[in-house]
Structure formats: structure tokens, C-alpha cells
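# What the coordinates show
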Amino acid sequence: MPRSTSARAGLQSSAEAAETVFYEALQAADVDMLMRVWADEDDLVCVHPGGPRIVGATAIRASFEQILSRGVLRITPERVLRTNTLSCAVHSVVERVQMQADPGETKFAFVLATNIYIKTPDGWRMVLHHASPGTAHEVAEVIATAERLH
């Protein structure tokens, strides 16, 4: 069911702005704010680390409600690689997840995420969030350099 225009307030001027709102919503445990980032498409897709493919806004909302019912997620996006066109943006993100271990002890985990945004009449909106577990200590990257200059 499409959301009303008033419910989609806060147009996102860029995919980067939409992504900022997405991570702010996770850190605030605000499902309404988080869902305003998603597009009004029937075939939205979300995959949480180690989880199944979730299709559709209703199912995605329910999954985030369940996750955020435990409290805020202290996730910091790092090392974002962006590919942008006029109407689509693909962001490859290393997410640093802060976790409270024993009292007074903070640990970090890493998640590798792909976020895809499309440009809509209501601004840039997410259509896919796919997250996979990273390594426990450090996420290694393999980057090939081009041999051609042009």
C-alpha cells in the first residue's frame, strides 16, 4: 500500500542524504523514520546478516520493528564505495557495529552492506539493503587497480 505524500515528508536530495537518514534512524531505533527512506515499490528487498530475503515494505517494516524492539543499533557506516547514475545509486558500505559486552567493555563487529537507491518523484529512496557478516576483527578489502590510464 503506497504511503501518502505527507507520510513521505522529508524529501531526500541525494542518495547520500537518504543513506544518512537510514543510519540515523537505526541509531535512534525509529522505525517510522527508517521506513520513510524506503521507496513505494512492491519489490523492495532486505537481507539482514545471516537472514532470509525479505520482500515488500510490510515485511521489511516488521523485521526492523523486531530488531529495533531491543533498542538502538550503534552502527557507523565506514569506507563507503559509491556508484551513481542519474537515477540509481549503489553504495557498498562497511558497517561498524558497536556492541556492549561485559559491563564497561565495548566490542565491535563488522557488517558488509549494499544499499541501492533510486531517484523517485519523492526524492532518493532505498530499494535494497543487503547485509552480510564481516570478519570479527577487521574487514579485509581486495582492490584491483586499473592498468590503463584512460
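Right, let's walk through the structure included here. In every chain, residue numbers begin from 1 and rise along the written sequence. For this predicted model, a pLDDT threshold of at least 70 governs which residues receive local features, and a threshold of 80 or more governs which side-chain atom pairs are given and counted, while totals over whole chains, interfaces and linings are taken from all residues. As a rule here, side-chain values cover all heavy atoms of the structure and leave hydrogens and water aside.

## Comments concerning the overall build of the protein chain
Inclusion rule: Put simply, DSSP marks the helices as runs of H or I at least four residues long and the strands as runs of E at least two long, and each gets a number from the N terminus on. Exposed residues in this analysis have more than 50% of their type's maximum accessible area, buried residues have under 20%, and partly exposed residues fall in between, with area computed by a 1.4 Å probe over protein chains only. The contact criterion used is simple: two residues touch if any of their non-hydrogen atoms lie within 4.5 Å. With residues, only the protein chains shown are counted as cover, and all accessible areas are computed by Shrake-Rupley using a 1.4 Å probe.
Helix and strand counts for the protein chain stand at 3 helices and 6 strands. Shown N-terminal to C-terminal, the secondary structure of the protein chain runs as helices and strands in the order α-α-β-β-α-β-β-β-β. Relative to its 150 residues, the protein chain shows a buried fraction of 35%. Within the protein chain, counting contacts between residues at least 6 apart in sequence, those at least 24 apart form 51% of the total. About 9,200 Å² of surface is accessible on the protein chain, with carbon and sulfur atoms providing 56% of the total.

## Structural notes on the pattern of salt bridges
Where we set the bar: Salt bridge, as applied in this entry: a Lys or Arg side-chain nitrogen positioned within 4 Å of an Asp or Glu carboxyl oxygen.
All told, the structure shown has 4 salt bridges when counted by the stated rule. Arg61 is the salt-bridge partner of Glu65, the closest N and O atoms lying 3.1 Å from each other. Of this pair, Glu65 and Arg61 both sit in helix α3 (residues 57–68), separated by 4 residues, roughly a single helical turn. A relative accessible area of 37% places Glu65 in the partly exposed class. Accessibility expressed as a relative area gives 26% for Arg61, which makes it partly exposed. With a shortest N-O distance of 2.7 Å, Arg96 and Glu78 are connected by a salt bridge. In this pair, Arg96 sits in strand β4 (residues 88–100) while Glu78 sits in strand β3 (residues 74–84), placing the two residues 18 residues apart along the sequence.

## So, the nonpolar core
Applicable threshold: In this text, buried Ala, Val, Leu, Ile, Met, Phe, Trp, Tyr and Cys residues form a nonpolar core when linked through side-chain atoms within 4.5 Å.
Membership of the largest hydrophobic core comes to 31 residues, with the highest contact counts inside it found for Phe22, Leu26, Leu34, Trp38, Ile60, Phe64 and Tyr117. Of all elements in the fold, only α1 (15–28), α2 (31–37), α3, β4, β5 (106–120) and β6 (123–133) reach the threshold of two or more residues within this core. Ranked by residue count, the leading element in this core is α1, at 7 residues. Those residues in contact with Ile60, other than ones at most four positions away along the chain, are Met35, Trp38, Leu44, Val45, Cys46 and Ile54.

## Focus on α1
Here is the rule: What a helix should span is 1.5 Å times the count of its residues minus one.
With 14 residues, α1 ought to run about 20 Å at 1.5 Å a step, and its terminal C-alpha atoms sit 20 Å apart, in line with that. Along α1, the residues that are buried comprise Ala15, Ala18, Glu19, Val21, Phe22, Tyr23, Ala25 and Leu26.

## A few points about the pairing of β5
Consecutive side chains along a regular strand alternate between the two faces of the sheet. Applied cut-off: The rule for pairing is simple: two strands pair if DSSP sees at least two bridges between them.
Across 10 bridges, β5 lies against β6 in antiparallel orientation. Within the sheet, the bridge partner assigned to Lys119 lies in β6 and is Trp124.

## Structural notes on the environment of Leu81
One can find Leu81 in strand β3. According to the relative accessible area criterion, Leu81 is exposed, its value standing at 54%. For the pair Leu81 and His91, spaced 10 residues apart in the sequence, the C-alpha separation amounts to 5.6 Å.

## Examining the side chain of Glu78
To keep things clear, this is the line we draw: Polar contacts here mean pairs of N or O atoms no more than 3.5 Å apart (in protein, one a potential hydrogen donor and the other a potential acceptor; neighbouring residues in sequence count only if both atoms are side-chain atoms).
A polar contact of 2.7 Å, which involves the side chain of Glu78, links it to the side chain of Arg96. Once residues within four sequence positions are removed from consideration, Glu78 is found in contact with Val93, Val94, Arg96 and Phe110.

## Brief notes about the layout of surface pockets
This is how it is decided: Using a grid of 1 Å spacing that covers the protein atoms alone, one calls a set of points a cavity when a 1.4 Å probe fits there but cannot get out, and a pocket when the set is open and has protein on both sides within 12 Å along at least five of seven lines; lining residues are those with an atom within 4 Å of a point. Grid points are joined across faces, edges and corners, and a volume is the space filled by probe spheres set on the points. Classification convention: Asp, Glu, Lys, Arg as charged; Ala, Val, Leu, Ile, Met, Phe, Trp, Tyr, Cys, Pro as nonpolar; all other residues, Gly among them, as polar.
By volume, the largest pocket is sized at about 360 Å³. Taken together, 21 residues line the largest pocket, and the ones lying closest to its centre are Pro49, Ile67, Leu73, Ile75 and Val111. Looking at the lining of the largest pocket, the elements that each hand over two or more residues are α1, α3, β4, β5 and β6. Here the residues of the lining of the largest pocket sort into 15 nonpolar, 4 polar and 2 charged.

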